[in-house]
Amino acid sequence: MYMRTSNFLICTQKETPADAEVISHQLMLRAGLIRKLAAGLYTWLPLGLRVLRKVEAIVREEMDRAGAQEISMPVVQPAELWEESGRWEEYGPELLRIKDRHDRDFCLGPTHEEVVTELVRNEIKSYKQLPLNLYQIQTKVRDEIRPRFGIMRSREFLMKDAYSFHETPASLADTYDVMHGAYSAIFTRLGLDFRPVIADTGSIGGSSSHEFHVLAGSGEDDIAFSDGSGYAANVEMAEALPHSDTRAAASDDMAEVATPGVHTIDELANSLAIPAETTVKTLLVKADDDTGSPVALVLRGDHQLNEIKAEKLAGIASPLAMVEEDAARATCGAGFGSLGPVGLAIPVIVDRSAAVLADFVCGANKDGFHLTGVNWERDLPLPRIEDLRNVVQGDPSPDGNGNLQIKRGIEVGHIFQLGTKYSEAMQANVLNENGKNVPMFMGCYGIGVSRIVAAAIEQNHDDNGITWPTAMAPFQLAIVPLNMHKSEAVAACAEELYADCVAAGIDVLMDDRNERPGVKFADMELMGIPHRIVIGDRTLADDKLEYKGRSDDEATLLPREGILAALQ
Ligand code: ATP
Ligand code: MG
Ligand code: MG
Ligand code: MG
């Protein structure tokens, strides 16, 4: 899209706004991307909206490519659905509640699990219609206790939220992998320095989860990662460990079946007295940091989940033995509930951020309880649960590869395997192959579309303003004619170049304001336009134009003829 500044609302300002703490917030105000209406509520100005739409388009493209289908659900949601899921009580004051004229309760959607589950339970009846992945890009409302950093933590924001539905946990795990890949593609295309990290599942619940973090000093989360292996986790994981009573119960029980210390999987299988001919393909391991006791769960081997996972593990998974579900449940302690028809089938996810395939991330069916680094190779020590509270820069990575770096991250994406939490509570069932009515397995996948804009600025700025990654820039090229209103030659050249850009489909902004050159240059730099061509009488005399990339130190003279081609 092309534009002339004379016809474009430029709202740049010189002064740094006093109440903006972080650089992205300052620059979004100064460059004229947003304006505040009230705490945590912002208007997107034309320049900001162009950036937001670019992010949105990339997200949409990658979601479509990944096989998800776009829908649009209401922002206003009836309380009944939230009562069904139990979250009307559970969600707390972040849920903005309203009443209609008939005194009925509603909320403004902070997320859409309930609404999408209501849709799918009505539309989907058979396993043959699954899997299904629906998404929307839409305004979310959360009454944040501390809205801050501009649109980074606002009370109204744009989110892409997707929800997938499955007959089996294995199908869910497959889509989760596809979404993990799509998210990596999105953040790569956006030109961001990001890390997928193992995450807590928070109030949404469910079993496994990754967050995608953009690295930035102003981030609100600490993330620990090893570039040696690709291991990465959110340090808040540590807080998500089970309460000490659960831990004690688990390790006491476990003492009967496994002695403290380091165990190989074979040793563990032996100490559990598991018959050698039994094959169990999925194992969840915990080593308690306080007591040193390993705690192990050996899962049922006959569930499809495990079989499919076994294929994925081909060549590296040890054949293991199994214990009965009740025994496993007893071992885990009270903290572990049931995942419905699969009993204690706990999804095991190949951590694709790990370079070494032998490392896996396990999730347990307790909100926010995650176990990582399970090593599937025989004869290697059982891993210990991550306690990242005390890690410091340079500590060895829990996966044994490389050392940990600890950096601040901004959460821009979050994917979950929800399991049957919502489908059970809301009776979202399908008929399976055997004609049995079973709850669907669900995944949910969020991206903070508007937060990405701020996160990108945190990573891409200099003393003169924003330095957008190409994919997000509001315009690719600024044409800055000098003295256009006096020089016919400059005006003619500018118009010609502008027309060429329009014809070539280049996102161009022509600064045809009657302003001093310094003002125009400062504005174009502040707004972060990646390429700039200056047209002046002096260089035109030699048939040359002045080109400068946003981060170049010096401008260069390029021949007028073919200048656009030269920039490609
Ligand atoms: P946070 O930890 O920052 O509060 P969250 O974990 O509550 O985020 P999710 O429920 O995972 O958020 O929502 C998906 C995505 O929506 C987040 O990864 C984030 O990028 C974005 N998001 C969440 N809350 C806000 C907000 N208040 N303002 C802008 N974006 C947000
Ligand atoms: Mg939050
Ligand atoms: Mg979070
Ligand atoms: Mg989150």
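For the structure given in this document, a descriptive report is provided here. (Residues numbered from 1 in each chain as written. Chains lettered and ligands numbered in written order. Predicted model: local features only at pLDDT ≥ 70, side-chain atom pairs only at ≥ 80, totals over all residues. Heavy atoms only, no water.)

**Points about the site of ligand 1**
Worth spelling out the cut-off: The cutoff for a nearby residue is simple: one of its non-hydrogen atoms must lie within 4 Å of the molecule or strand. Here a polar contact means two N or O atoms within 3.5 Å. Within protein one must be a hydrogen donor candidate and the other an acceptor candidate, and residues neighboring in sequence count only if both atoms are side-chain atoms. The accessible surface values rely on the Shrake-Rupley method and a 1.4 Å probe; as for residues, cover is taken only from the protein chains in view. The secondary structure listing takes helices from DSSP runs of H or I that are at least 4 residues long and strands from runs of E that are at least 2 residues long, numbered from the N terminus.
If you check the shell around ligand 1, you find 14 residues, and the closest are E144, R153, S154, E411 and R451. Note that an oxygen atom of ligand 1 is positioned 2.7 Å from one of the side-chain N or O atoms of R153. G448 places a main-chain nitrogen or oxygen 3.4 Å from an oxygen atom of ligand 1. For ligand 1, whose accessible area on its own is 580 Å², the fraction buried by protein is 85%. Those elements that provide at least two residues to the shell around ligand 1 are β9 (156–166) and β19 (405–419).

**Quick look at the coordination of the magnesium ion (ligand 4)**
Note the following rule: Shown as donors are all N, O and S atoms within 2.8 Å of a metal ion, widened to 3.2 Å for Na, K and Ca; because water is not in the atom set, sites may appear incomplete. Buried means the residue's accessible area, taken with a 1.4 Å probe over protein chains only, is under 20% of the maximum for its type, while exposed means over 50%, and partly exposed covers the values in between.
On the protein side, the magnesium ion (ligand 4) has E411 (OE) and H414 (ND1) as donor atoms, found 2.1 to 2.2 Å from it. In this structure, the magnesium ion (ligand 4) is positioned 3.2 Å from the magnesium ion (ligand 3), and both are ligated by E411. Taking the relative accessible area as the measure of exposure, E411 reaches 25% and is therefore partly exposed.

**Notes on the pattern of salt bridges**
Rules: Basic side-chain nitrogens of Lys or Arg form a salt bridge, by our definition, when they fall within 4 Å of a carboxyl oxygen of Asp or Glu.
A full pass over the atoms with the stated rule returns 31 salt bridges. Put simply, D507 and K54 hold a salt bridge, and the shortest N to O gap is 2.2 Å. Placement of D507 in the loop between α13 (488–504) and β26 (508–510) and of K54 in helix α2 (residues 46–65) is noted, with a sequence separation of 453 residues between them. By relative accessible area, which is 13% here, D507 ends up buried. Counted as one network, the salt bridges with shared partners bring together R53, E56, R60 and E70.

**Focus on the packing of α2 against helix α6 (residues 169–189)**
Put simply, the rule is: With axes taken as lines fitted to C-alpha atoms, and helix axes fitted only over the stretch in contact, angles between N-to-C directions fall between 0 and 180 degrees. For classification purposes, angles smaller than 35 degrees are called roughly parallel, those larger than 145 roughly antiparallel, those between 65 and 115 roughly perpendicular, and all remaining angles oblique. In this scheme the crossing of two helices becomes right-handed for a clockwise turn of the near helix relative to the far one and left-handed for an anticlockwise turn of less than a right angle. Residue contacts are defined here by distance: any two heavy atoms, one from each residue, within 4.5 Å place the two residues in contact.
It is the contact of α2 with α6, at a shortest axis distance of 9 Å, that shows an interaxial angle of 150°. One finds that α2 runs roughly antiparallel with respect to α6. Read as a crossing pair, α2 and α6 show a hand that is right-handed. Residues I58, V59, E61, E62, M63 and R65 of α2 pack against M179, A182, Y183, A185, I186 and R189 of α6.

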